[in-house]
Amino acid sequence: MKVVCDRAALVEALALAGSVVPTRTTAPVLGCIAITAADGMLTVAATNAEVGLTIGVPQVDIQKDGTSLVPSDKLTQIVRACEDTTLTLELEKSILHVHSEDAHFKIFGFDPKEFPGVKEFPEKASNCFTCSAKVLRRLISRTLFATAVENSRFAISGVLAEKRGKRLRFVATDGRRLAVAIGDVQGGAEEETFIIPAKPLQVLNKMVDDPDAMVSIAQEDSQAVFRIGEGADAAVLSTNLVEGQFPPFEDVIPKDQDKKVCFESAELGSAVRRAALLTNEESKGVRMAFSEKKLLLSSRAPEMGEAEIQVDLKSYQGDPIEIGFNPAYLTEALRVVDAPEIEIELKAPNKPGVMKVGADFTYVVMPVNLT
Amino acid sequence: MNETQRTILHCDLDAFFASVEQLDDPELRGRPVLVGGTGARGVVAAASYEARVFGCRSAMPTARALRLCPDAICVPGRGARYSELSRRFMAILESFSPLVQPLSLDEAFVDVTGSRRLLGEGRVIAEEIRRRTREELGLVVSIGVAPNKFVAKIASDLEKPDALVIFEEAGLASRLASLPIERMWGIGPRSLPRFHAAGIRSFGDLQQVDPDRLASRFGESSRRFHDLSHGRDDRSVVSERTAKSIGQERTFAENIADRDSIESILLGEVEQVSERLRRSGARARTVTVKIRFGDFETISRSRTLPEPTDLTMRLWEHARDLFREWARSGFQSVRLIGCSVSGFDRDTQESLFEDPEARRAGRVDAVTDAIHARFGGRSISRARAVRRGER
């Protein structure tokens, strides 16, 4: 194999591949990535047995085909550290040579046959459906943040993907807040339900550059496979699905909120962030007192201090209410909501609050009991 | 007002668990309600005043309570709801003074000595507490106001329910004189006949007895009764609600090599620490086990939980695991075993999805706490923690 690469493009591809490679491995070969030059294209592949990925590297000049299996971290460090615009990679038996203007590196690699391989996109799968990269990114960013870090009761360390006809719904929860995002898709089977682990979704989010690119999504052998774009720059990510039961989320989405108010997302975000300054681990709730004309946010951290922030309300529907929330649950949602305005709906101080952006995003948060 | 005198309040919510159930379910109001276990070996954690008329009391077997009052409605406890209202009640008390010492979910001492200048006399503060408790929580609290804890607690109980009883310093002893000695803390059904046999039936009788004679007849610890009968008690109100950690440990006279025994003792400590944690109104994120073994080598093992908790069951699971991990890595006979909790969370986050296991555990904890509050420390324990040689 011999190929001249645009260094920046190579760095990007190696970074994505590197995020899939396990950091601690029992055998060095498991920390490797496979670089293949064939049919005029250069692809980088990585796998950790649960998630696999192949990415095309654009802007390359293939001079000789071949495959190299080398440690991901070392190659990435070298390519990053060089400052050249282009680098030449050349394979000699299993040693990968990296040539730059003023340097020459040799990395000892492994026999490519030892690479477990990465799943290819199942072109013929009948359950394959497509959506725009923009829609997929939005679905991911609006839900990923709400997944649970660990939970033994439910399968909530991943995002539930539910397809019904032309509608794809992503749902994530950590037991205290729940995010539901909806987007349009095309094709595929009428009904699909599967749970995607959080980590590969994070990687997927970074793989999607061009918002107009088409993403194809299919399932095969208890795995979900995503293909972004087509042709030389296509990237494929496959992941095991999360086994287990997703909690009964429909039941916890409130349907009888009787207190409603609209906010400018930026304004509410700023107010909550400032109130959060005077909270700590022990006393982390922010009190929100809603009345006809204004919202008063207050917080108190013992031995530290107190904060009070006032927000004028243009219109408030319903009786006054005082309710407490963990401010992080609010700011995390506001950060991913890319809309200038949001609606908040409440019912009672011990019942969940809802944040909405039209019909496409619903976010349910349980309150804290304030002392 | 006399500047050197203290003003202590004993605030006691009336029939707490039962009142909460009646508050949340209007159908139960005015009816006899029993909160607690409904199974064959169920125990009453609390009885509403309507049920008390029939003789139903907390810690009574439910079966017996139902014989006394067949029309009583039994409801299982809701630990989380009682904790929530207890926290809010304690918060009301704390707005009058930082010196709030909860004795259980529904009872607390408040030392308002330092608040008098700003907020008024004990009576004024007590009335305000009663008003706010009624308006903000929908519950009734009986309050005793006195120069010390002992008399304040007697006072709050004298005219329950819905009472405010005040004992001034002046004439305190003579006002206490007519009280029967059954009301003396520390004199229970077993010692009562012995006091009666000695001709001591009232506080007044105790006041007259020479303390040395009392001690020689009933033991050194009975000297205290003499002081208390005069209304003298200098214990201070201690607040655990701002503590950063709560712990308990025990040193043995001789090292213990039997792991089961050590675990039983650890469990007992976890139960007590959990109860104090619940009383302080917080949930804890970190459990620590302390072990001293061999030649005074002492180690601590900690674990931080994914979610803060106040459930005895959860804290015990982790404490036990920590002990077993250590034991696996090289057990030696143990001289001291202790546990503590830290990383407190006082604003409790609600959950979207019910956790029936946690709810059940919370119920058990609420009932256990109620029994302890009525009968003291070790009256009810998980079977495992009953120590050999003790009641």
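Residues numbered from 1 in each chain as written. Chains lettered and ligands numbered in written order. Predicted model: local features only at pLDDT ≥ 70, side-chain atom pairs only at ≥ 80, totals over all residues. Heavy atoms only, no water.

**Here's the deal with the overall build of chain B**
Note the following rule: For helices the rule is a DSSP run of H or I covering at least 4 residues; for strands it is a run of E covering at least 2, with both sets numbered from the N terminus onward. Radius of gyration here uses only the C-alpha atoms, and the compact-globule reference equals 2.2 Å multiplied by the residue count raised to the power 0.38. Burial classes follow relative accessibility: with a 1.4 Å probe on protein chains only, a residue under 20% of its type's maximum area counts as buried, one over 50% as exposed, and anything between as partly exposed. We call two residues in contact when some of their heavy atoms are within 4.5 Å. Accessibility throughout is a Shrake-Rupley quantity obtained with a 1.4 Å probe, and a residue counts as covered only by protein chains that appear here.
For chain B, the helix and strand inventory stands at 15 helices and 13 strands. In terms of overall dimensions, chain B is globule-like: its C-alpha atoms have a radius of gyration of 22 Å, near the 21 Å expected for 391 residues. For chain B, the spread of C-alpha atoms along the three principal axes comes to 65 × 55 × 50 Å. Counting across all 391 residues of chain B, residues that qualify as buried make up 50%. Sequence separation of 24 or more characterises 65% of the internal contacts of chain B that already satisfy a separation of 6 or more. Approximately 18,200 Å² of chain B is accessible, and the part contributed by carbon and sulfur atoms is 48%.

**So, the packing of helix α13 (residues 259–279) of chain B against helix α14 (residues 312–328) of chain B**
For any two helices packed against each other, one specifies the inter-axial angle together with the distance between the axes. Residue and element names in this part refer to chain B. Our working definition: Angles shown run from 0 to 180 degrees and are taken between the N-to-C directions of axes, each axis being a line fitted to C-alpha atoms and, for helices, limited to the stretch in contact. Two helices cross in a left-handed way if the nearer one is turned anticlockwise from the farther one by less than a right angle. They cross in a right-handed way if the turn is clockwise.
Between α13 and α14, whose axes approach to 9 Å, the crossing angle comes to 145 degrees. By crossing handedness, the relation of α13 to α14 is classed as right-handed. Seen from α13, the contacting residues are Arg259, Ile262, Glu263, Leu266, Leu267, Val270, Glu271, Ser274, Leu277 and Arg278; seen from α14, they are Thr312, Leu315, Trp316, Ala319, Arg320, Phe323, Arg324 and Ala327.

**Brief notes about the confidence of the model for chain B**
All names here are of chain B. Quick reminder of the rule: A residue's pLDDT is the confidence the predictor assigns to it, expressed on a 0 to 100 scale.
Averaged over all residues, the pLDDT of chain B equals 88, while 95% of them reach at least 70. Confidence over residues 387–391 falls short of pLDDT 50; this stretch has seven contacts with residues more than four positions distant or in other chains. Across the assembled chains, the prediction reports ipTM 0.80 with pTM 0.77.

**Digging into the state of the cysteines**
Rules: Any cysteine sulfur atom paired with another within 2.5 Å is treated as part of a disulfide.
Within this structure, the stated rule accounts for zero disulfides over all chains. Here B:Cys56 is not cross-linked by a disulfide; its sulfur's nearest cysteine counterpart is in B:Cys69, at 5.0 Å.

**A look at the sheet that holds strand β1 (residues 2–6) of chain A**
Residues and elements named next belong to chain A. Filter applied, for reference: Strands are treated as partners if at least two bridges between them are detected by DSSP.
Here we have five strands laid out as an open sheet, ordered β5-β1-β7-β8-β9, and antiparallel in their pairing. Every other strand in the sheet has two partners, leaving β5 (60–64) and β9 (104–108) as the edge strands with one partner each. Recorded for the sheet is a direction-independent mean angle of 20 degrees between the axes of neighbouring strands. Summarising the sheet, strand β7 (residues 86–92) and strand β8 (residues 95–99) pair through five bridges and their orientation is antiparallel. Counted as the bridge partner of Leu89 is Val98 from β8. Its contacts with the sheet put helix α1 (residues 7–18) on β1 and β7, and the angle it makes with β1 is roughly 95 degrees.

**Let's talk about the domain arrangement of chain A**
Residues and elements named next belong to chain A. Heads up, the rule is: An automatic or database domain assignment supplies the start and end points of every domain. Polar contact criterion, stated in full: a pair of N or O atoms within 3.5 Å, where within protein one must be able to donate a hydrogen and the other to accept it, and residues adjacent in sequence count only if both atoms are side-chain atoms. Classes in brief: Ala, Val, Leu, Ile, Met, Phe, Trp, Tyr, Cys and Pro nonpolar; Asp, Glu, Lys and Arg charged; the others, Gly included, polar.
When the domains of chain A are assigned, the result is domain 1 (2–114), domain 2 (129–250) and domain 3 (253–365). Computed from C-alpha atoms alone, the centre-to-centre distance between domain 1 and domain 2 is 28 Å. Taken together, the contacts link 14 residues of domain 1 with 17 residues of domain 2. Here domain 1 is connected to domain 2 by five residue pairs in polar contact (both at pLDDT 80 or more). Taken together, the residues of the side of domain 1 that touches domain 2 break down into eight nonpolar, four polar and two charged.

**Here's the deal with unusual backbone geometry**
Residue and element names in this part refer to chain B. Of note, the amide linkage connecting Lys160 to Pro161 takes the cis form, showing an omega dihedral of 0 degrees. Position of Pro161 relative to the elements: it lies in the loop between α7 (149–158) and β8 (164–166). At Ala59, a residue that is not glycine, the phi angle is positive and equals roughly 80 degrees. Checked against the element boundaries, Ala59 lands in the loop between α2 (49–52) and α3 (62–68).

**Side note on the pattern of salt bridges**
Basically, it comes down to this: Should a side-chain nitrogen of Lys or Arg be within 4 Å of a carboxyl oxygen of Asp or Glu, the pair is scored as a salt bridge.
Across all of its chains, the model carries 56 salt bridges over all chains by this definition. Linking A:Glu250 and A:Arg169 is a salt bridge whose minimum nitrogen-to-oxygen distance equals 2.8 Å. With a gap of 81 residues between them, A:Glu250 in helix α5 (residues 249–252) and A:Arg169 in strand β12 (residues 167–173) connect regions that are remote in the sequence. The class of A:Glu250 is partly exposed, set by a relative accessible area of 40%. Each of the salt bridges in this network shares a partner with another, and the network as a whole consists of B:Glu21, B:Asp24, B:Arg78, B:Arg81, B:Glu84 and B:Arg88.

**Looking at the sheet that holds β8(B)**
All names here are of chain B. An order of β5-β6-β1-β7-β8 is seen for the five strands of this open sheet, with the pairing classed as mixed. Strands with a single pairing partner mark the edges of an open sheet, and in this sheet they are β5 (100–104) and β8. Direction aside, neighbouring strands of the sheet carry axes that sit 15 degrees apart on average. Bridge count for strand β1 (residues 8–13) against strand β6 (residues 107–111) is five bridges, and the pairing is antiparallel. Following the sheet pairing, Asp12 is matched in β6 by Glu107. Sitting on the sheet, helix α6 (residues 122–137) touches β1, β7 (141–146) and β8, and the angle it makes with β7 is about 170 degrees. The strands that α7 touches are β1, β5, β6, β7 and β8; relative to β7, the one it contacts most, it runs at about 140 degrees.

**So, the interface of chain B and chain A**
The cut-off we apply is this: A 1.4 Å probe defines the accessible area here, and the buried area is the portion of it lost by two parts on being joined, summed over both.
Contacts between the two partners involve 21 residues from chain B, matched on the other side by 27 residues from chain A. Taken together, the two surfaces of chain B and chain A that pack against each other cover about 2,200 Å², and 48% of this comes from carbon and sulfur. Summed over the three residues of chain B that lose the most area to chain A, namely B:Asp347, B:Leu352 and B:Phe353, the buried surface amounts to 35% of that side. Counting across the interface, chain B meets chain A through seven salt bridges. Notably, a salt bridge pairs B:Lys244 with A:Glu303, separated by 3.8 Å at the nearest N-O pair. At the junction of chain B with chain A, the criterion picks out 13 residue pairs in polar contact (both at pLDDT 80 or more). Secondary-structure elements contributing two or more residues to the side of chain B that touches chain A are α4 (79–94), β11 (297–309), β12 (334–345) and β13 (348–349) of chain B. Looking at the side of chain B that touches chain A, the element that brings in the most residues is α4(B), giving four residues. Sheet analysis places strand β28 (residues 368–369) of chain A next to β13(B), joined by two bridges and oriented antiparallel. Bridging across to β13(B), A:Val368 finds its partner in B:Gln349.

**So, a negative patch on the surface**
Rules: Nonpolar side chains (Val, Leu, Ile, Met, Phe, Trp, Tyr) within 5 Å and like charges within 9 Å form the patches, drawn only from residues with over 30% relative accessible area and no salt bridge. Charged residues are defined here as Lys and Arg on the positive side and Asp and Glu on the negative side; His and the ends of the chain fall outside this count. We put the charge of a Lys on NZ, of an Arg on CZ, of an Asp on CG and of a Glu on CD.
On the surface, A:Glu12, A:Asp209, A:Asp210 and A:Asp212 cluster together into a patch of negative charge. By the element assignment, A:Asp209 lies in the loop between α4 (198–207) and β16 (214–220).

**As for the packing of helix α3 (residues 133–143) of chain A against α4(A)**
Residues and elements named next belong to chain A. Using the following cut-off: Oblique is the label for every angle not falling under 35 degrees (roughly parallel), over 145 degrees (roughly antiparallel), or within 65 to 115 degrees (roughly perpendicular).
Remark: α3 packs on α4, axes separated minimally by 10 Å, with the N-to-C direction vectors making an angle of 140 degrees. In this view, α3 runs oblique relative to α4, as classed from their interaxial angle. Relative to α4, α3 is oriented so that their crossing is left-handed. Counting all contacts with α3, which are made through Leu136, Arg137, Ile140 and Ser141, the residues of α4 involved are Leu201, Leu204 and Asn205. Residues of the contact of α3 with α4, tallied by class, amount to four nonpolar, two polar and one charged.

**Describing α14(B)**
All names here are of chain B. Keep this limit in mind: Under the convention used throughout, the expected extent of a helix is 1.5 Å for every residue step, that is, one less than its residue count.
Its 17 residues give α14 an end-to-end C-alpha distance of 24 Å, which sits within 8% of 24 Å, the value for a rise of 1.5 Å per residue. Residues of α14 that are buried: Thr312, Leu315, Trp316, His318, Ala319, Leu322, Phe323, Trp326 and Ala327. Among the residues trailing α14, Gly330 stands out with phi positive, at a value near 140 degrees.

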